[in-house]
Amino acid sequence: MDRDNLLQQLLLRGLGTSSLVAERLRSVTQGWVSSGQLDPAQATTLVDDVMRALRGDNPELEKQAGRQMERNIDHFLQDVGLARQKEIDELRGRIDRLEQQLRARRESETPVG
């Protein structure tokens, strides 16, 4: 297989993959718009930012898209009633502190015999 043909095939596959990603991202964001989780302007901005980040246009856009995606995930998990790992860890910490306080209270109330 000649090298030019291989490069052409790789380029076409890359373009096809980018198109698929863009279409899938648009589909997902439109679903979020339809469900009220995202407004249309945010959806357009998100798609544009993610596609620029995928092309490597701007690292800052990649960070912004990541933050936006995190917010969207948070909203989605909240809507379906699921907790994030961070929230579970916070609750475990609170439970541990409450258990320590309870043990300390019981020990202070126990008469010394």
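Look up a bit, the structure's there.
Reading the values: rules and limits
- Residues numbered from 1 in each chain as written.
- Predicted model: local features only at pLDDT ≥ 70, side-chain atom pairs only at ≥ 80, totals over all residues.
- Heavy atoms only, no water.
- Salt bridge = Lys/Arg side-chain N within 4 Å of Asp/Glu carboxyl O.
- Helix = DSSP H or I, 4+ residues; strand = E, 2+ residues; numbered from the N terminus.
- Buried < 20%, exposed > 50% of the residue type's maximum accessible area, 1.4 Å probe, protein only.
- Contact = heavy atoms within 4.5 Å.
- Core = buried A, V, L, I, M, F, W, Y, C linked by side-chain atoms within 4.5 Å.
- Polar contact = N/O pair within 3.5 Å; in protein donor to acceptor, adjacent residues only side chain to side chain.
- Patch = residues over 30% accessible without salt bridge, like charges linked within 9 Å, V, L, I, M, F, W, Y side chains within 5 Å.
- Areas by Shrake-Rupley, 256 points an atom, 1.4 Å probe, with all protein chains shown as cover.

## A short note on the pattern of salt bridges
Close approach of charged atoms allows side chains of opposite charge to pair.
Part 1 of the reasoning: Summed over the entire model, instances satisfying the criterion amount to three salt bridges.
Part 2 of the reasoning: The partner of R92 in a salt bridge is D89, with the nearest N and O atoms 3.6 Å apart. With R92 and D89 both in helix α4 (residues 85-109) and three residues apart, this pair spans about one turn of that helix.
Part 3 of the reasoning: D89 gets classed as partly exposed once you look at its relative accessible area, which sits at 40%.
Part 4 of the reasoning: Look at the salt bridges and you will find they share partners, linking E70, D74 and R84 into a network.

## A word on the side chain of T29
Part 1 of the reasoning: Note that T29 resides in helix α1 (residues 3-34).
Part 2 of the reasoning: Each residue touching T29, except ones within four places of it in the same chain, is listed here: L38, A43, L46 and V47.

## Quick notes on the nonpolar core
Part 1 of the reasoning: Among the nonpolar cores identified, the biggest contains 11 residues, and these are A22, L25, W32, V33, L38, A43, L46, V47, V50, M51 and A65.
Part 2 of the reasoning: Discounting residues that sit within four places of it in the chain, A65 has contacts with L46, D49 and V50.

## Thoughts on the side chain of Q37
Part 1 of the reasoning: Looking at where Q37 falls in the secondary structure, it is placed in the loop between α1 and α2 (40-55).
Part 2 of the reasoning: Engagement of the side chain of Q37 in a polar contact is seen with the side chain of D79, the distance being 2.9 Å.
Part 3 of the reasoning: Among residues more than four places away in sequence, those in contact with Q37 are W32, N72, F76 and D79.

## As for a nonpolar patch on the surface
Part 1 of the reasoning: On the surface, F76, V80 and L82 cluster together into a nonpolar patch covering about 280 Å² of accessible area.
Part 2 of the reasoning: Among the structural elements, L82 can be located in the loop between α3 (59-80) and α4.
Part 3 of the reasoning: In this structure L82 comes out as exposed when scored by relative accessible area, which is 53%.

Function-wise, these values are silent; they only describe arrangement.
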